[in-house]
Amino acid sequence: MSASLTTAPAAPTPPARRRRGAGPAAPPRGRRRLTPLWLLLPAAVILIPLVAYPIYQLGLLSVLQFGQAQASGGVPTRFVGFENYATILSDDQFWTVLTQTVGFAAFCVVSTLAVGAALAVLLTKVGKVTGLVLTTASMAAWAAPAMTGSTVWSFLFDTNLGLVNDTLVKLGLSGFHEYNWFYDKWTAFLIVGAVVVWHSFPFVMVTLYAGIRAIPEEILEAAALDGAGTWSTFRRITAPMLRPILTIVVIQSVIWDFKVFTQIYVMTTGGGIAGQNLVLNVYAYQKAFASSEYGLGAAIGVIMLLILVIPTVLYIRTLRRTGNEL
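Because the structure is predicted, anything quoted here is derived from the model rather than measured. (Residues numbered from 1 in each chain as written. Predicted model: local features only at pLDDT ≥ 70, side-chain atom pairs only at ≥ 80, totals over all residues. Heavy atoms only, no water.)

Participant: Looking at this structure, how should I read the overall build of the chain?
Facilitator: When helices and strands are tallied, the chain shows 14 helices and two strands. In the chain, which comprises 326 residues, the share counted as buried stands at 34%. Residue pairs in contact within the chain that sit at least 24 positions apart in sequence constitute 69% of those at least 6 positions apart. Just so you have it, the chain exposes about 20800 Å², and 67% of that area is on carbon and sulfur atoms. (Helix = DSSP H or I, 4+ residues; strand = E, 2+ residues; numbered from the N terminus. Buried < 20%, exposed > 50% of the residue type's maximum accessible area, 1.4 Å probe, protein only. Contact = heavy atoms within 4.5 Å. Areas by Shrake-Rupley, 256 points an atom, 1.4 Å probe, with all protein chains shown as cover.)

What follows is the structure in structure tokens.
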């Protein structure tokens, strides 16, 4: 009698046990990508209309013939296409002003970065009381409105009643009696640039100071034991480790300083003698409101917007890269 051989069914594979202490399963990649967008949605609902509508109106106005006659309703508005842009780009004054704007912004960015970085390093070296005084004074400069700061600095350099002229004369420099600091083009740009730096360096100082404090102390102590000085440590260790933060600070400073308006307009009384201290923002204001050529002023605004798109895109990409690294 032969026994029948039967194959027993294979036992089901037990489900993989979750490791003790393991957290919840990670959400799908698509959900992770959408989560930041959902968090930004409330702010976007408010900010997008506030930004998009003025940009739309600016672009629309730049392709229209729109002056004082059209604004008052006496003459109908006429579509002129790119005629306003052709008029601006063929104007030699526009290119002079653009060159001045780029040079002025570059000077302000470099100076702001130098002052802010130096004071950030200084904050890591001084005591708590000195650091508190320095930080408070810097925050006061940062919090001061641009109009207020520009007016105060204008009084300091006033021709007749300025404290600077009075002090220099008392020191024996009689040539500064009733000296007009804003008569010369480059002296005026230098003083206005100093005001812009005075307003801007606290942001750079605080940002870089926070970055320096995030560097592990062991690295800085090892550099000190190797005999590295303050400048050598900053150049070889601190600056390379702060490169993402430095990139963000530089790009943001470029955006801010390229569109300076208040300091130039207030301190040089609308752009200086014969417009020698004009920058693009003030130039656009004069075209739009002083000359009542609103279409030309809008065209200048669109050109500025297109120029600033480049550092803005770089700024956003740098922010995203830095966020991924963190």
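Participant: What is the right way to look at helix 11 (residues 243–258) in this model?
Facilitator: Count 3.6 residues to each turn of an α-helix, and residues three or four apart come out pointing the same way. Given a rise of 1.5 Å per residue, 16 residues ought to cover 22 Å, and the 22 Å separating the end C-alpha atoms of helix 11 matches this to within 8%. All of the buried residues along helix 11 are Leu246, Ile248, Val249, Ile251, Gln252, Ser253, Ile255, Asp257 and Phe258. (Expected span 1.5 Å × (residues − 1).)

Participant: What should I look at first to understand the confidence of the model for the chain in this one?
Facilitator: Any segment with low pLDDT has predicted coordinates that should not be analysed in fine detail. Overall, the prediction assigns the chain a mean pLDDT of 85, with 88% of residues at 70 or greater. Here residues 1–11 is a poorly scored stretch, pLDDT under 50, and it has zero contacts once near neighbours within four places are set aside; other chains count. (pLDDT = per-residue confidence, 0-100.)

Participant: Before we go on, may I ask you to explain the pattern of salt bridges in this structure?
Facilitator: Side-chain pairs of opposite charge can arise where the charged atoms are in close proximity. All told, the structure shown has two salt bridges when counted by the stated rule. The partner of Lys170 in a salt bridge is Asp166, with the nearest N and O atoms 3.2 Å apart. Taken together, the residues Lys170 and Asp166, both in helix 7 (residues 163–170) and four residues apart, mark about one turn of the helix. Across the pair Glu217 and Arg213 runs a salt bridge, and its minimum N-O distance is 3.9 Å. Classification of Glu217 as partly exposed rests on a relative accessible area of 40%. (Salt bridge = Lys/Arg side-chain N within 4 Å of Asp/Glu carboxyl O.)

Participant: I tried to follow unusual backbone geometry on my own but got confused; where do I start?
Facilitator: Glycine aside, the phi torsion of most residues is negative, and most peptide linkages are trans. A positive phi is found at Glu178, a non-glycine position, where the angle reads about 55°. Within the element layout of this structure, Glu178 appears in the loop between helix 7 and helix 8 (185–213). At Ala274, a residue that is not glycine, the phi angle is positive and equals roughly 55°. Mapped onto the elements of the fold, Ala274 is located in the loop between helix 12 (262–267) and helix 13 (280–290).

Participant: What am I meant to see in the packing of aromatic side chains here?
Facilitator: For the coordinates displayed, the defined rule picks out 18 aromatic pairs. Here Phe157 and Trp181 contribute two aromatic rings whose centre-to-centre distance is 5.4 Å and whose plane-to-plane angle is 80°, an arrangement assigned as edge-to-face. Taken as a pair, Phe157 in the loop between helix 6 (146–156) and helix 7 and Trp181 in the loop between helix 7 and helix 8 lie far apart in primary sequence, 24 residues in all. The same class applies to Phe157 and to Trp181, which are both buried. For the ring pair Trp186 and Phe189, a centre distance of 6.2 Å and an interplane angle of 40° mean the geometry is tilted. In this pair, Trp186 and Phe189 are both assigned in helix 8, three residues apart and thus about one turn of the helix distant. Three or more aromatic residues joined by ring pairs make a cluster, and in this case those are Phe66, Phe261, Tyr265, Tyr285, Phe289 and Tyr294. (Phe/Tyr/Trp six-rings, centres within 6.5 Å; stacked < 30°, edge-to-face > 60°.)

Participant: Explanation requested: the environment of Tyr85 in the structure shown.
Facilitator: Topologically, Tyr85 is positioned in helix 3 (residues 83–89). C-alpha separation for the pair Tyr85 and Ala299, spaced 214 residues apart in sequence, amounts to 5.8 Å. Excluding anything up to four places from it in sequence, Tyr85 contacts Ser62, Val63, Ala299, Val302 and Ile303.

Participant: What exactly am I supposed to notice about the environment of Gly81 here?
Facilitator: By secondary structure assignment, the location of Gly81 is in the loop between strand 2 (78–79) and helix 3. Counting along the chain gives 19 residues from Gly81 to Ser62, while the straight-line C-alpha distance between them is 8.2 Å. Each residue touching Gly81, except ones within four places of it in the same chain, is listed here: Ser62 and Val63.

Participant: Explanation requested: the side chain of Ser62 in the structure shown.
Facilitator: Mapped onto the fold, Ser62 is located in helix 1 (residues 29–62). A polar contact is formed between the side chain of Ser62 and the backbone oxygen of Gly59, at a distance of 2.6 Å. With near-sequence residues (within four places) excluded, Ser62 lies in contact with Gly81, Asn84, Tyr85, Gly295, Ala298, Ala299 and Val302. (Polar contact = N/O pair within 3.5 Å; in protein donor to acceptor, adjacent residues only side chain to side chain.)

Participant: Hey, could you run me through the nonpolar core in this one?
Facilitator: Soluble, globular proteins show a tendency: their nonpolar side chains are buried together. Phe104, Ile264 and Leu280 are the most contacted members of the largest nonpolar core, which has 37 residues in total. Those residues in contact with Phe104 that sit more than four places away from it in its chain are Phe189, Val192, Gly193, Val196, Val260, Ile264 and Val279. Within the second largest apolar cluster, 18 residues are counted, among which are Phe201, Ile215, Leu242 and Leu246. (Core = buried A, V, L, I, M, F, W, Y, C linked by side-chain atoms within 4.5 Å.)

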